[in-house]
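Listed below are the residues making up each chain.
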Amino acid sequence: MDITICALDISKAFDRVDQYALLRLLMDRKVPKYFINVMFNWFEKSCAYVRWGNAISSTFTISAGVRQGGLLSPLLFAVYMDVLISSGMQDLDASWHSDILGVCSMLTTLYC
């Protein structure tokens, strides 16, 4: 019996999401244009600064990632990761697909 294991280290994955690729994926899924416009404006206007002790840095634009702790972030991350998971499953035996989809569905439910 062959066993196939796939492990992903996604500890910093929310910070690495390509925002423009995510917008394209949302368009591919026929998400309403007004929502995509809201997300585009949100990404374009997201900025931050660093505070260390009493010192504060200049403001800089956040050019990647989805907000950790944001209500939509787990769902947006799931959309982004779906392509990777789907393409990785193409090589698996068909009997494993339902098990993996069940686990992914459970994780999406837990984190959304």
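Please refer to the structure placed before this passage.
As the structure is a computational prediction, the values presented were derived from the model and not from experiment. (Residues numbered from 1 in each chain as written. Predicted model: local features only at pLDDT ≥ 70, side-chain atom pairs only at ≥ 80, totals over all residues. Heavy atoms only, no water.)

Student: Help me understand the overall build of the protein, please; the structure alone is not making it clear to me.
Tutor: On a plain count of helices and strands, the protein comes out with 5 helices and 4 strands. Helices and strands in the protein line up, N terminus first, as α-α-α-β-β-β-β-α-α. Here the protein holds 112 residues, and 19% of them are scored as buried. When contacts within the protein are restricted to residue pairs at least 6 apart in sequence, those whose partners lie at least 24 apart make up 55%. (Helix = DSSP H or I, 4+ residues; strand = E, 2+ residues; numbered from the N terminus. Buried < 20%, exposed > 50% of the residue type's maximum accessible area, 1.4 Å probe, protein only. Contact = heavy atoms within 4.5 Å.)

Student: Would you take a moment to explain the pattern of salt bridges for this structure?
Tutor: Any two side chains of opposite charge can pair, given that their charged atoms come close. Applying the stated rule across the entire model yields 1 salt bridge. Here Arg29 ties to Asp82 by a salt bridge, and the two come within 2.6 Å at their closest N and O atoms. Of this pair, Arg29 sits in the loop between α2 (19-28) and α3 (33-45) while Asp82 sits in helix α4 (residues 73-89), and the two are 53 residues apart along the sequence. Its relative accessible area of 31% is what places Asp82 among the partly exposed residues. (Salt bridge = Lys/Arg side-chain N within 4 Å of Asp/Glu carboxyl O.)

Student: Looking at this model, I keep getting lost on the environment of Ala13. Mind explaining?
Tutor: Considering the arrangement of structural elements, one finds Ala13 in helix α1 (residues 13-16). The spacing of Ala13 and Gly65 is 52 residues in sequence and 7.8 Å in space, taken between C-alpha atoms.

Student: So what exactly am I meant to see when it comes to α3 here?
Tutor: The α-helix winds at 3.6 residues per turn, so residues separated by three or four positions along the chain end up facing the same way. In a regular helix each residue adds 1.5 Å, so 13 residues correspond to 18 Å; α3 covers 18 Å between its end C-alpha atoms and thus fits that length. Looking at α3, one finds that the buried residues are Ile36, Met39 and Phe43. End-on, the buried residues of α3 take up no more than an arc of 60°, which puts them together on one face. Facing away from the buried side of α3 by more than 90 degrees, the exposed set consists of Tyr34, Val38 and Lys45. (Expected span 1.5 Å × (residues − 1). Arc of directions from axis to C-beta.)

Student: I keep staring at the packing of aromatic side chains and nothing clicks. Help me out?
Tutor: The description of an aromatic ring pair rests on the distance of the ring centres and on the angle between the ring planes. For the structure shown, the criterion picks out 3 aromatic pairs. On the numbers, 4.6 Å between centres and 25° between planes, the contact of Phe14 with Phe77 is stacked. Here Phe77 lies in helix α4 and Phe14 lies in helix α1, a separation of 63 residues in the sequence. Phe14 sits in the partly exposed class, given a relative accessible area of 22%. Ring centres of Trp42 and Phe43 lie 5.7 Å apart, and the angle between their planes is 20°; on these two criteria the pair is classed as stacked. The class for Trp42 is partly exposed, based on a relative accessible area of 26%. Judged by its relative accessible area of 5%, Phe43 is buried. (Phe/Tyr/Trp six-rings, centres within 6.5 Å; stacked < 30°, edge-to-face > 60°.)

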